[in-house]
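# Coordinate inspection notes
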Amino acid sequence: MGASRLHLVRHGEVHNPKRVLYGRLPDYHLSSAGREMAQAAADHVASLDRPVAALYSSPLERAQESAEPFAARFDLVPEIDIRIIEPTNVFEGTQMRRSLMNPLNWWHLRQPSLPSWGEPYASIAERMLSAMGEAWRSADGGDLVMVSHQAPIWITHLRVAGLPLQHDPRTRRCALSSVTSFELVGDVWREVAYAEPAATGGAVDVGAV
């Protein structure tokens, strides 16, 4: 039968006082504000008054913690899917501003269309759409929620919209705990909604890298 709609949800704010590009590093958890953001995202999806049949999460702590309000609200057990994880990044564990001041790091910026500093955009799109398609086909009706990260969600948006995958990370329309919704019509994905239900004006760590 398939699903009815698929919501890609970005995690909430991470406690990151040193402003480190944490990437896939362990032990980066939601801040107290981040937990409130995640709850707002779950409340928003519940307000759509659509049954949610399955919940998926990236394996990283911040995504699993952001999935908790969905699990409680819809009485679901999150399924971990490695395919919706944050991409790799050679600057992981560093403060980005300082890294960019070091000429030795400029080599990693030589091909932004790929990008040369981490996992290729095409690879991100491929694994995200693979995870989405498999989840959609395995559902017996209802909506799906996948808690992921800014870059994978934005790359999925670009691929579905038929836009170039190369972009300036600072221009992504993917706020903390935002909800980007898709439907699969035949074999074609289409984006049907975008919402920013969480109050993010006071966020310290917005994570655009």
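Report follows, based on the coordinates. Quick caveat: nothing in here was measured; it's all calculated off a predicted structure.

Reading the values: the criteria
All residue numbers refer to position in the chain's written sequence, counted from 1. Two thresholds apply to this predicted model, a pLDDT of at least 70 for residue-level local features and 80 or more for giving and counting side-chain atom pairs, whereas whole-chain, interface and lining totals are computed over all residues. Based on all heavy atoms of the structure, the side-chain values leave hydrogens and waters out of the count. The pairing criterion for strands is at least two bridges between them, as found by DSSP. A run of H or I in DSSP counts as a helix once it spans at least four residues, and a run of E counts as a strand once it spans at least two, with each numbered from the N terminus. The criterion used for residue contact is that any of the two residues' heavy atoms lie within 4.5 Å. To get an axis, a line is fitted to the C-alpha atoms, and for a helix only the part in contact is used. The angle between two axes follows their N-to-C directions and goes from 0 to 180 degrees. What we call a nonpolar core is a set of buried Ala, Val, Leu, Ile, Met, Phe, Trp, Tyr and Cys residues that are connected through their side-chain atoms within 4.5 Å. The classification of residues rests on relative accessible area computed with a 1.4 Å probe and restricted to protein chains. Under 20% of the type maximum is buried, over 50% is exposed, and intermediate values are partly exposed. Ring geometry is summarised as follows: Phe, Tyr and Trp rings, the Trp one being its six-membered ring, pair when their centres sit within 6.5 Å, and such pairs are stacked at plane angles under 30 degrees, edge-to-face over 60 and tilted between the two. By definition, a salt bridge exists where a carboxyl oxygen of Asp or Glu is found within 4 Å of a side-chain nitrogen of Lys or Arg.

### Thoughts on the sheet that holds strand E1 (residues 5-10)
What the six strands build is an open sheet, ordered E3-E2-E4-E1-E5-E6; its pairing is mixed. With one partner strand each, in any of the chains shown, strand E3 (79-80) and strand E6 (188-195) form the two edges of the open sheet. Across seven bridges, strand E5 (residues 179-185) lies against E6 in antiparallel orientation. The partner of serine 181 across the bridge, within E6, is alanine 193. Packing against the sheet, helix H4 (residues 121-138) makes contact with E1, strand E2 (52-57), strand E4 (143-148), E5 and E6, and its axis sits at approximately 155 degrees to E4. Helix H5 (residues 150-161) rests against E1, E4, E5 and E6 of the sheet, and its axis sits at about 140 degrees to E1.

### With respect to the nonpolar core
Counting residues in hydrophobic clusters, the biggest one holds 29 residues, and the most contacted among them are Leu6, Leu8, Met132, Leu144, Met146, Ile155 and Trp189. Among the secondary structure elements, those contributing two or more residues to this core are E1, E2, H4, E4, H5 and E5. Per-element tally for this core: the top contributor is H4, with eight residues. Apart from residues lying up to four places away in sequence, leucine 6 is in contact with Met132, Trp136, Leu144, Met146, Thr180, Ser181, Phe182 and Trp189. Membership of the second largest hydrophobic core comes to 16 residues, among which are Val9, Ala41, Leu76 and Val145.

### Structural notes on the packing of aromatic side chains
The description of an aromatic ring pair rests on the distance of the ring centres and on the angle between the ring planes. In this structure the tally under the stated criterion is two aromatic pairs. Between the aromatic rings of tryptophan 136 and tryptophan 189, the centroid separation amounts to 5.3 Å while the plane-to-plane angle is 85 degrees, which identifies the pairing as edge-to-face. Here tryptophan 136 is found in helix H4, whereas its partner tryptophan 189 is found in strand E6, with 53 residues between them in sequence.

### Quick notes on the pattern of salt bridges
Following the criterion strictly, the structure yields 13 salt bridges and no others. Here arginine 190 ties to glutamate 183 by a salt bridge, and the two come within 3.1 Å at their closest N and O atoms. With relative accessibility at 46%, the residue arginine 190 sits in the partly exposed group. Ionic contacts of the salt-bridge type, sharing partners, join the residues Arg5, Glu183 and Arg190 into one network.

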